[in-house]
Amino acid sequence: MTRIRAARIAVTAVVPAELGLVVCLAAGVRVPGRALAATEVLLVAVLLLEAWVLHGLYAAGRARGAGRGEAWGEAVRAVVPVQVRRLLRHELHALVALGRWTVRRRHGVRPGDLAVAYTGPQTAMMYGMLFVSVVETVALAFLIPWPAVHRVVLVLDVYGILIVLALHAACVTRPHVVRPDGSLLIRYGALFDLAVPPDAVASVRVERRYPEGRLVTLSEDGVLDLIVGSQTTVTLELNRPLRFTRPLGATAEARTVRFHADDPRALVTALRRQPATS
């Protein structure tokens, strides 16, 4: 039990730092490359501890006669909080998105769908951060005289650059989607995904707002803001509350959704063509 408790405490301590970095990037806050990479290295260390504890629990489950899938599932649920599982899922999808971005493929966009980007407010900031990180990496290569320290810092900086690229790639390859049947998929990378059926849409309009708050902010009256670059451009009124999942796994309900689209008029026009939103 001591090993399990230690593993859960360690991984829970890493989650706020990891999510905080992601939210800072989405909000346009400049985060040093070494801070990004150091958090990732800490996460890897915690994952090694998790793997060690999971292996012990898996072996114990198999010894009791449990099947492989059952023993593995019990071990994961005992050690890994749902918040950590979601963050790992996000990072995996973000890294996969780098490959999809390279070959110009988009996730979840079918023939006949309208894909609407939302990365406009954050693109310049992302590339600016990448430029600064690269300059910082090159400068440190000349300033650090110790080869061992230089190699460690180089790995940290390169990994930080990779994470920034992966986050942006996930947003580029996972756009908002309006389907021919009038349904709408609202997304932010691999962190947020809300499917809106056509019969749930009461009205939709172009409305530029500059709300304060985190990436996903829900007010007491059920207004959900999905903020990109400190702004939203589309307001979607629902005729019934829809349940959504926050980045760390908690669920809530929204009656109004405000989100950003680079071309809000195209998205609103496509939705208004449907009988459910006319």
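Rules and cut-offs
Residues numbered from 1 in each chain as written. Predicted model: local features only at pLDDT ≥ 70, side-chain atom pairs only at ≥ 80, totals over all residues. Heavy atoms only, no water. Salt bridge = Lys/Arg side-chain N within 4 Å of Asp/Glu carboxyl O. Helix = DSSP H or I, 4+ residues; strand = E, 2+ residues; numbered from the N terminus. Buried < 20%, exposed > 50% of the residue type's maximum accessible area, 1.4 Å probe, protein only. Phe/Tyr/Trp six-rings, centres within 6.5 Å; stacked < 30°, edge-to-face > 60°. Pairing = 2+ DSSP bridges. Axes fitted to C-alpha atoms, helices over the stretch in contact; angles between N-to-C directions. Contact = heavy atoms within 4.5 Å. Patch = residues over 30% accessible without salt bridge, like charges linked within 9 Å, V, L, I, M, F, W, Y side chains within 5 Å. Areas by Shrake-Rupley, 256 points an atom, 1.4 Å probe, with all protein chains shown as cover. Core = buried A, V, L, I, M, F, W, Y, C linked by side-chain atoms within 4.5 Å.

1. Here we look at the pattern of salt bridges
So, point 1. Evaluated as defined, the whole model comprises seven salt bridges.
So, point 2. One salt bridge in this structure joins Arg209 and Glu207, with 3.7 Å as the shortest N-O distance.
So, point 3. Note that Asp225 and Arg258 form a salt bridge whose closest N and O atoms lie 2.7 Å from each other. Of the two residues, Asp225 is situated in strand β7 (residues 223–226) and Arg258 in strand β9 (residues 251–259); the sequence distance between them amounts to 33 residues.
So, point 4. Residue classification places Asp225 among the buried residues on the basis of a relative accessible area of 7%.
So, point 5. Bridged by salt links that share partners, the residues Arg205, Glu207, Arg209 and Glu237 form one connected network.

2. Topic: the packing of aromatic side chains
So, point 1. This structure, assessed with the given rule, holds two aromatic pairs.
So, point 2. Residues Tyr118 and Tyr188 carry aromatic rings whose centres are separated by 5.9 Å and whose planes lie at 40° to one another, so their mutual orientation is tilted. Placement of the pair is Tyr118 in the loop between β1 (114–116) and α5 (120–143) and Tyr188 in strand β3 (residues 184–188), with a sequence separation of 70 residues.
So, point 3. Take Tyr188: its relative accessible area is 1%, and that puts it in the buried class.
So, point 4. Geometrically, the ring pair formed by Phe192 and Phe244 is tilted, given 6.0 Å between the ring centres and 55° between the ring planes. Taken together, the positions of Phe192 in strand β4 (residues 192–196) and Phe244 in strand β8 (residues 232–245) put the pair 52 residues apart, joining distant regions of the chain. This pair shows no difference in class: Phe192 is buried, exactly as Phe244 is.

3. A look at the sheet that holds β9
Strand pairing in a sheet takes place through backbone hydrogen bonds and is either antiparallel or parallel in direction.
So, point 1. The mixed open sheet is built from five strands, whose spatial order is β5-β8-β9-β7-β6. At either margin of the open sheet sits one strand with a lone partner, and together these are β5 (201–209) and β6 (216–218). Here the strands of the sheet are splayed against their neighbours by 35° on average, with no regard to which way each runs.
So, point 2. Strand direction decides the pairing type here: β6 and β7, joined by three bridges, are antiparallel. Looking across to β7, one finds that Leu218 is bridged to Leu224.
So, point 3. The sheet contacts of helix α7 (residues 264–272) involve β5, β8 and β9, and relative to β5 the element is tilted by about 170°.

4. Notes on a nonpolar patch on the surface
So, point 1. Taken together, the side chains of Phe131, Val132 and Val135 make up a nonpolar region of the molecular surface, amounting to roughly 270 Å² of accessible area.
So, point 2. Residue position: Val135 is located in helix α5.
So, point 3. For Val135, a relative accessible area of 42% gives the class partly exposed.

5. Description of the nonpolar core
So, point 1. In this structure, Ile186, Tyr188, Val196 and Leu236 are the most contacted members of the largest nonpolar core, which totals 40 residues.
So, point 2. By residue number, the principal contributor to this core is β8, which donates five residues.
So, point 3. Excluding its chain neighbours within four sequence positions, the residues that come into contact with Ile186 are His176, Phe192, Asp193, Leu194, Val196, Leu226, Leu236, Val257 and Phe259.
So, point 4. Ala94, Ala97, Ala166 and Ala170 belong to the second largest nonpolar core, which has six residues in total.

6. Things to note about the side chain of Thr235
So, point 1. One can find Thr235 in strand β8.
So, point 2. For Thr235, a relative accessible area of 1% gives the class buried.
So, point 3. Ignoring anything within four residues of it in the chain, the contact list for Thr235 reads Ser203, Val204, Arg205, Glu207, Thr256, Val257 and Arg258.

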